[in-house]
Structure formats: C-alpha cells, structure tokens
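Geometric and topological summary
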Amino acid sequence: MRGLSIWLSPWQEPVQSAEHLVALLQSVRLPDHRTEVLIPTVYDDWPQSQLSNNLPPDLKVSSPEHAAQLRSEIEAQGILCGGWSVPRGTGDAYAEGRIHGGFASAFDHFNLNWEEGWQDFWAREGAAPVNQFLNGFWDELEDRGRTDDVLVGITFVPNTAMLGAATPEETAAWAGGSHYVAIETYLPGDPGLDPAFGKARMLNELAQAGHPDFPVVNLLEFGDLPFLAQQHSHPEFGVQ
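In this report, we go over the structure that sits alongside the text. Only a predicted model underlies this, so the values are computations on that prediction, with no experimental measurement involved. (Residues numbered from 1 in each chain as written. Predicted model: local features only at pLDDT ≥ 70, side-chain atom pairs only at ≥ 80, totals over all residues. Heavy atoms only, no water.)

1. Some details on helix 8 (residues 225-232)
Short version of the rule: Only protein chains enter the accessibility calculation, which uses a 1.4 Å probe; a residue whose area is less than 20% of its type maximum is buried, one above 50% is exposed, and one in between is partly exposed. Strands here are runs of E lasting at least two residues and helices are runs of H or I lasting at least four, both read from the DSSP assignment and numbered beginning at the N terminus. Directions are taken from the helix axis to each C-beta atom, and the arc is the one they span. What makes two residues a contact is simply this: any of their non-hydrogen atoms within 4.5 Å.
Along helix 8, the residues that are buried comprise Leu 225, Leu 228, Ala 229 and His 232. Across the axial projection of helix 8, the buried residues extend over an arc of 95°, all falling on one side. Contacts made by the buried residues of helix 8 are with strand 1 (2-7), strand 2 (33-43), helix 7 (195-208) and strand 8 (216-220).

2. Description of the pairing of strand 7 (residues 180-185)
Test applied: Two strands form a pair only when DSSP identifies at least two bridges running between them.
For strand 7, the buried fraction is high: 6 of the 6 residues fall into the buried class. Burial along strand 7 is two-sided: Tyr 180, Ala 182 and Glu 184 and Val 181, Ile 183 and Thr 185, pointing in opposite directions, are all buried. Direction of pairing for strand 6 (residues 151-156) relative to strand 7: parallel, over a ladder of 4 bridges. Residue pairing in the sheet places Gly 153 in a bridge with Tyr 180 of strand 7.

3. So, the nonpolar core
Considering soluble globular proteins, one finds that nonpolar side chains tend to be buried as a cluster. To be explicit about the condition: For this analysis, a nonpolar core means a set of buried residues of the types Ala, Val, Leu, Ile, Met, Phe, Trp, Tyr and Cys, connected via side-chain atoms within 4.5 Å.
Judged by nonpolar contacts, the single largest core of 57 residues is most densely connected at Val 37, Ile 39, Leu 112, Phe 137, Trp 174 and Val 181. The biggest single contributor to this core is helix 4 (residues 127-143), with 6 residues. Setting aside chain neighbours within four positions, we find Leu 112 in contact with Ser 85, Pro 87, His 100, Phe 133, Leu 134, Phe 137, Val 152, Gly 153, Ile 154, Thr 155 and Trp 174. One finds Leu 38, Val 86, Val 217 and Phe 237 within the second-largest nonpolar core, a separate group that totals 11 residues.

4. Considerations on the environment of Ala 172
Its location among the elements puts Ala 172 in helix 6 (residues 168-176). Spatially, the C-alpha atom of Ala 172 lies 38 Å from that of Pro 14, the residues being 158 residues apart in sequence. Leaving out residues up to four positions away in the same chain, Ala 172 has contacts with Ala 209 and His 211.

5. A few points about the packing of aromatic side chains
We count it as follows: Centres within 6.5 Å are what make two rings of Phe, Tyr or Trp a pair, Trp counting through its six-membered ring; a difference in plane orientation under 30 degrees is then read as stacked, over 60 as edge-to-face, and the rest as tilted.
Under the criterion given, the structure shown has 11 aromatic pairs. Ring geometry for Trp 7 against Trp 84: centres 5.0 Å apart, planes inclined by 45°, an arrangement best described as tilted. Of this pair, Trp 7 sits in strand 1 while Trp 84 sits in strand 4 (residues 80-86), and the two are 77 residues apart along the sequence. On the accessibility criterion, Trp 7 (19% relative accessible area) is buried. We classify Trp 84 as buried; its relative accessible area is 9%.

6. Notes on the pattern of salt bridges
So the rule is basically this: Note on definitions: salt bridges are taken to be side-chain nitrogens of Lys or Arg within 4 Å of carboxyl oxygens of Asp or Glu.
One pass over the full model with this rule turns up 9 salt bridges. The closest approach of N and O atoms between Arg 71 and Glu 75, which form a salt bridge, is 3.2 Å. Taken together, the positions of Arg 71 and Glu 75, both in helix 2 (residues 64-75) and 4 residues apart, correspond to about one turn of that helix. When its relative accessible area of 15% is taken as the criterion, Arg 71 is described as buried.

Here it is, written out as structure tokens:
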C-alpha cells in the first residue's frame, strides 16, 4: 500500500511529546494510503539532541539506538515511523555519510534532505563529495545488515535557485544512491514549486542526469489531502 508520509520538522509546533504526535496523526487518514511520520534525526554530524530546536525531549533523537526505540514506541500505537536527515558535506563527507547511515538503519524508510543553492544545506560542489557521502551511508547500512531493506529517498527543490546550483552530475550521483526523489512542491501556481510544474522540471533535470525513469514523489502543502493525492500520489511510493 502507498504511504502518506508526514514530515515532522524540528521547528514543529505545538507537538508536546511523542504520544501527542501520535494522537495528532491518528486523525490524518487517506484512502488506500498508510499513515507514516518521518522524524528528524541528524543534521550534518549532529543528532537532534545536540541542536537547538522545538522538539520535545522524547523526540530529540540522540543515537541510532534511540531512533530505533522511538520508532518502536510510535509504531506500537499504530503509526508507521521513518526518519530523515540533512546531509551537508562540510567536512569528511564519507564519515558524515556513515553517521547518517547509522541513523537510517533504525528505519525501513529514510529521506536525505538534499538541498543546494542556499545556506545551511549541502555545502560542496561536484559529484565527488556526493559519492563519498553516499559510499559512507551505504557502507554503514551494509555493516548493520540493512542494505536491502531500507527505502531511501532524496529531496529536491525544483525552483530556479536549486536547478542553477545542482549540476546534472550531482543529481545523477544522488539518484544513483537512492530509490526515489521527493520534490518540494508547496506552492500551487508557482513555476518551480507547483506540483505539476515542479514535476515537469524535475523530470527534465533527471533526464539530463541520465535517470529519465527515476520515481518522482510530490511533497505537498497540507490541505485537501484526498484531492491532492488523487492528482499527485505516486502509484508505488504515495505522497508526502
């Protein structure tokens, strides 16, 4: 069954606890989709427990083991739980990839929030550091015995800024190390951030990168979910 994957932001309000988060999500249902929450885990080299954010103490992930425990607690209450992280490549990209791979190993679904073209996200140019990061990421998953059973997505903002910053070689490298791309399409009518326009731009970017058939999943604004999903839900990966 397809997923309705809801991202929890580290700046989310007013989530008060993991139990409160589950209670909020219990009412979010979409026909023919499984409700899932993606929780933030690590930014650059630092887990959320070491960062300034608005998360309640029990949602501030501190380690892969803590992430696995939190996932178990959330899923025991009937909501699937995946994770996400922000790769940056500011230092040793391979070592950073291993850190992110460790957290990804706690889940069956994990998203790498790759953004480029502005501060606080991916900081390197060229495909080489991307491949270094992904090699570390998958090496860590292999060492933990999770290579074949973690669904890995990447994000992309199909606006002019990121399309100008991310080269086809970089896009090809990220696509080569993941299973699908989730495009951040929050603004209907905007040339880059509209679900339909953004998907067309993303497909063109992927074709230039040599991945014309790579799955594209829409990351949408909160709204009329049944209507939005009818238009934009991927037949296999769903909608976010």
